[in-house]
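Inside the fold
The lines below spell out each chain.
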Amino acid sequence: QVQVVESGGGLVQSGGSLRLSCTFSGRTFSSWAMGWFRQAPGKERECVAAINWSGGRTYYADSVKGRFTISRDNPKNTVYLQMNSLKPEDTAVYYCATDSSVETTVQLATGVYHWGQGTQVTVSS
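Residues numbered from 1 in each chain as written. Predicted model: local features only at pLDDT ≥ 70, side-chain atom pairs only at ≥ 80, totals over all residues. Heavy atoms only, no water.

Brief notes about the packing of aromatic side chains
The criterion, for reference: Geometry of aromatic contacts follows a simple scheme: Phe, Tyr and Trp rings, the Trp one being its six-membered ring, pair when their centres are within 6.5 Å, and the pair is stacked under 30 degrees between planes, edge-to-face over 60, tilted otherwise. Comment: elements are numbered from the N terminus, with helices defined as DSSP H or I runs of at least four residues and strands as E runs of at least two. Classification of residues uses two cut-offs on accessible area relative to the type maximum, computed with a 1.4 Å probe and protein chains only: under 20% is buried, over 50% is exposed, and between them is partly exposed. For a ring to carry a charge above it, either NZ of a lysine or CZ of an arginine must fall within 6 Å of the ring centroid while also lying within 35 degrees of the normal to the ring plane.
This model, assessed by the stated rule, comprises 4 aromatic pairs. Aromatic side chains F37 and W115 sit 5.0 Å apart centroid to centroid with 70 degrees between the ring planes, which places their arrangement in the edge-to-face category. You can see F37 sitting in strand β4 (residues 33–39) and its partner W115 sitting in the loop between α1 (102–107) and β10 (119–124), a full 78 residues away along the chain. A relative accessible area of 17% places W115 in the buried class. Grouping aromatic residues by their ring pairs yields a cluster made of F37, Y95, Y113 and W115. For the cation-ring pair, R19 lies above Y80, with the distance from its terminal atom to the ring centre recorded as 4.0 Å. A cation sits over an aromatic face here: R27 above W32, 4.0 Å from the ring centre.

Observations regarding the pairing of strand β1 (residues 3–7)
For the record, the criterion: Strands pair, by our definition, only if DSSP identifies at least two bridges between them.
Residues V4 and E6 point to one face of β1 and are all buried, whereas Q3, V5 and S7, pointing to the other face, are not buried. Two strands pair when backbone bridges link them, and β1 and strand β3 (residues 18–25) are joined in this way by 5 bridges, in the antiparallel orientation. Pairing of E6 across the sheet is with C22, part of β3.

Digging into the state of the cysteines
The condition is simple: Cysteine sulfur atoms that pair up within 2.5 Å are treated as a disulfide.
Scanning all chains against the criterion turns up 1 disulfide. A disulfide bridge connects C22 with C96, and the sulfur atoms are separated by 1.7 Å. Judged by the torsion about the S-S bond (65 degrees), the C22/C96 disulfide is right-handed. Within this pair, whereas C22 is found in strand β3, its partner C96 is found in strand β9 (residues 92–99), the two being separated by 74 residues in sequence. This pair shows no difference in class: C22 is buried, exactly as C96 is. Not part of a disulfide, C47 finds its nearest cysteine sulfur in C96, a span of 11 Å. Judged by its relative accessible area of 6%, C47 falls in the buried class.

Let's talk about the pattern of salt bridges
The test is simple: The salt bridge criterion pairs a side-chain nitrogen of Lys or Arg with a carboxyl oxygen of Asp or Glu, the two atoms within 4 Å.
For the coordinates displayed, the defined rule picks out 5 salt bridges. Linking D90 and R38 is a salt bridge whose minimum nitrogen-to-oxygen distance equals 2.9 Å. Placement of the pair is D90 in the loop between β8 (78–83) and β9 and R38 in strand β4, with a sequence separation of 52 residues. In this structure, D90 and R38 share a single accessibility class: buried. Residue R57 is joined to E103 by a salt bridge in which the shortest nitrogen-to-oxygen separation is 2.5 Å. One end of the pair, R57, is in the loop between β5 (46–51) and β6 (58–60); the other, E103, is in helix α1, with 46 residues separating them in the sequence. On the basis of relative accessibility, which here comes to 45%, the residue R57 falls in the partly exposed class.

What follows is the structure, encoded as structure tokens:
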């Protein structure tokens, strides 16, 4: 069974930065895509970024393009999300997930998935 641990969230002022980390365990993930998702109170879960197995292909939601950067370390089964120029509207619980491709990973936002605890990101104005 896939296990996931997200970390790195916290409280930051508008314009600040945070770096989220997510480590998967349970099997080898080096050939799978990984993605970061978020869900704010009263809103649907959305995929904010995804990355393919090699790191050569990425997806970003329009709302975070130019501010967030996704990366991965395959030997560590870990995916990162560097978040810069944070805005109050980035406030949410952030989760990560993995699937076979960038396309299917993005679709996990509305699919069935065993989500972890997530990490809270709060951006104050």
